[in-house]
Amino acid sequence: MKAAWDLGINTIDTANVYSNGESERLISKFLKKYNIPRHQTVIATKCYSVVANDPSIQSFTVPGIGDLPEYVNQSGLSRAAIFNAVDASLARLETPYIDLLQIHRFDPANEYSLVYREEEREMMAYCKYNGIGVIPWSPLAAGFLARPVGTETIRLNSIKGTPREKKLIGGDTTIVNRVEELAQKKNCKMSQISLAWAAAKVTSPIVGVNSIQRLRESIITGIELTAEEMVYLEEPYEPKVVRGHL
Ligand SMILES: NC(=O)c1ccc[n+]([C@@H]2O[C@H](COP(=O)([O-])OP(=O)(O)OC[C@H]3O[C@@H](n4cnc5c(N)ncnc54)[C@H](OP(=O)(O)O)[C@@H]3O)[C@@H](O)[C@H]2O)c1
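Rules of the game
Residues numbered from 1 in each chain as written. Predicted model: local features only at pLDDT ≥ 70, side-chain atom pairs only at ≥ 80, totals over all residues. Heavy atoms only, no water. Patch = residues over 30% accessible without salt bridge, like charges linked within 9 Å, V, L, I, M, F, W, Y side chains within 5 Å. Areas by Shrake-Rupley, 256 points an atom, 1.4 Å probe, with all protein chains shown as cover. Salt bridge = Lys/Arg side-chain N within 4 Å of Asp/Glu carboxyl O. Helix = DSSP H or I, 4+ residues; strand = E, 2+ residues; numbered from the N terminus. Buried < 20%, exposed > 50% of the residue type's maximum accessible area, 1.4 Å probe, protein only. Pairing = 2+ DSSP bridges. Right-handed = clockwise from strand over helix to strand, strands pointing away. Contact = heavy atoms within 4.5 Å. Near = heavy atom within 4 Å. Polar contact = N/O pair within 3.5 Å; in protein donor to acceptor, adjacent residues only side chain to side chain. Nonpolar A, V, L, I, M, F, W, Y, C, P; charged D, E, K, R; others polar. Domains from an automatic or database assignment. Buried area = accessible area lost by both parts, 1.4 Å probe.

(A) Representation of a nonpolar patch on the surface in the model. On the surface, Leu7, Ile9 and Ile219 cluster together into a nonpolar patch covering about 200 Å² of accessible area. Secondary-structure assignment places Ile9 in the loop between helix H1 (2-6) and strand S1 (11-13). Residue classification places Ile9 among the partly exposed residues on the basis of a relative accessible area of 31%.

(B) Summary view of the pairing of strand S2 (residues 42-47). A large share of S2 lies buried, amounting to 5 of its 6 residues. Relative to S2, S1 runs parallel, the two being bridged by 3 bridges. Note that in S2 the partner of Asp13 across the bridge is Ala44. As paired strands, S2 and strand S3 (residues 100-103) are joined by 4 bridges and run parallel to one another. The partner of Ala44 across the bridge, within S3, is Leu100. Traced from S2 through helix H3 (residues 79-93) to S3, the parallel crossover comes out right-handed.

(C) The arrangement of the environment of Arg25 in detail. Mapped onto the secondary structure, Arg25 falls in helix H2 (residues 22-33). In this structure the C-alpha to C-alpha distance between Arg25 and Ser89, which are 64 residues apart in sequence, comes to 8.8 Å. Residues in contact with Arg25, not counting those within four places in the same chain, are Asn20 and Arg92.

(D) Fine view of the site of the ligand. Neighbouring the ligand are 22 residues; Arg105, Ser138, Leu140, Arg214 and Glu217 lie closest to it. Here an oxygen atom of the ligand and a side-chain polar atom of Asn210 are 2.9 Å apart. Here the residues of the shell around the ligand are counted per class, giving 9 nonpolar, 7 polar and 6 charged. Summarising the domain contributions, the shell around the ligand has at least three residues from each of domain 1 (1-107) and domain 2 (110-238).

(E) Seen up close, the environment of Tyr34. On the secondary structure map, Tyr34 appears in the loop between H2 and S2. Note on Tyr34: relative accessible area 34%, which makes it partly exposed. Between the C-alpha atom of Tyr34 and that of Leu7, which follows or precedes it by 27 residues, the distance is 14 Å.

(F) Structural view of the pattern of salt bridges. By the definition in use, this model includes 17 salt bridges. Between Glu234 and Arg117 there is a salt bridge whose closest N-O contact spans 3.9 Å. With a gap of 117 residues between them, Glu234 in helix H9 (residues 227-234) and Arg117 in the loop between S3 and helix H4 (123-130) connect regions that are remote in the sequence. The same class applies to Glu234 as to Arg117, namely buried. Between Arg121 and Glu118 there is a salt bridge whose closest N-O contact spans 2.7 Å.

(G) Local environment of the domain arrangement of the chain. What the domain assignment reports for the chain is domain 1 (1-107) and domain 2 (110-238). Once you take the C-alpha centre of each, domain 1 and domain 2 turn out to be 25 Å apart. Of the residues lining the interface, 9 residues belong to domain 1; the matching set on domain 2 comes to 10 residues. Here domain 1 and domain 2 share an interface that buries about 760 Å² over both sides, 72% of which is from carbon and sulfur atoms.

Written as structure tokens, this is what we have:
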């Protein structure tokens, strides 16, 4: 986070449910440690899901958790639930205000990448027409669009067999191959080609970065795709079953 701040990034996206509140606590610690004035930052968080008391529980994997007595009014989008979620986030973030409170489902924060473009059908068209910004997640398809086909990673292996598992299907393999081909042609990283494509389509993709080097690589100023290259990347896409709307 310090590296991001030093590079001029002042916006931090989190959610109440990320690591059951630990992500929001870390942001507060970060701002304090480096004496960063709160008003110079933009903090976006989210509400909707249960923040489990037990750190080892991921609430989205426990059907009906929101109906348990200890979690009454702790999930969903009722007035009481939103007020409770905001109070809890403010306490963890140790801030008097949240800049952007996002509804964690049923809103324009969607999955979107070269290999998952279902939101183009209705949501993105609606948002464009109404001037609503779109900040989608997983622009690298959890890493698939950042590495040659067949590369095994700890992350992809760790989500195998879970509801979050991602697979390349239909024309996806061809798309990833084309990303690799364009990266070689332009002498840049595959992730940068995939992000350049996403950045041309939406307000700002939310990239999952986990090292300072990757953070730097994800700032893709100067990498642009021609109209022909955009079409070349898009052309093999085949429709998919809609996912992510829990
Ligand atoms: N609103 C929601 O419901 C929702 C859902 C999911 C995510 N999100 C948000 O969106 C963020 C991004 O999601 P995501 O992590 O799935 O995004 P992503 O950008 O599609 O995938 C990130 C993965 O790509 C790989 N990667 C990233 N930069 C790379 C680079 N320069 N070179 C090679 N590989 C690279 C890494 O894989 P390895 O770790 O395997 O190396 C990393 O874990 C999350 O952190 C979260 O804040 C929101």
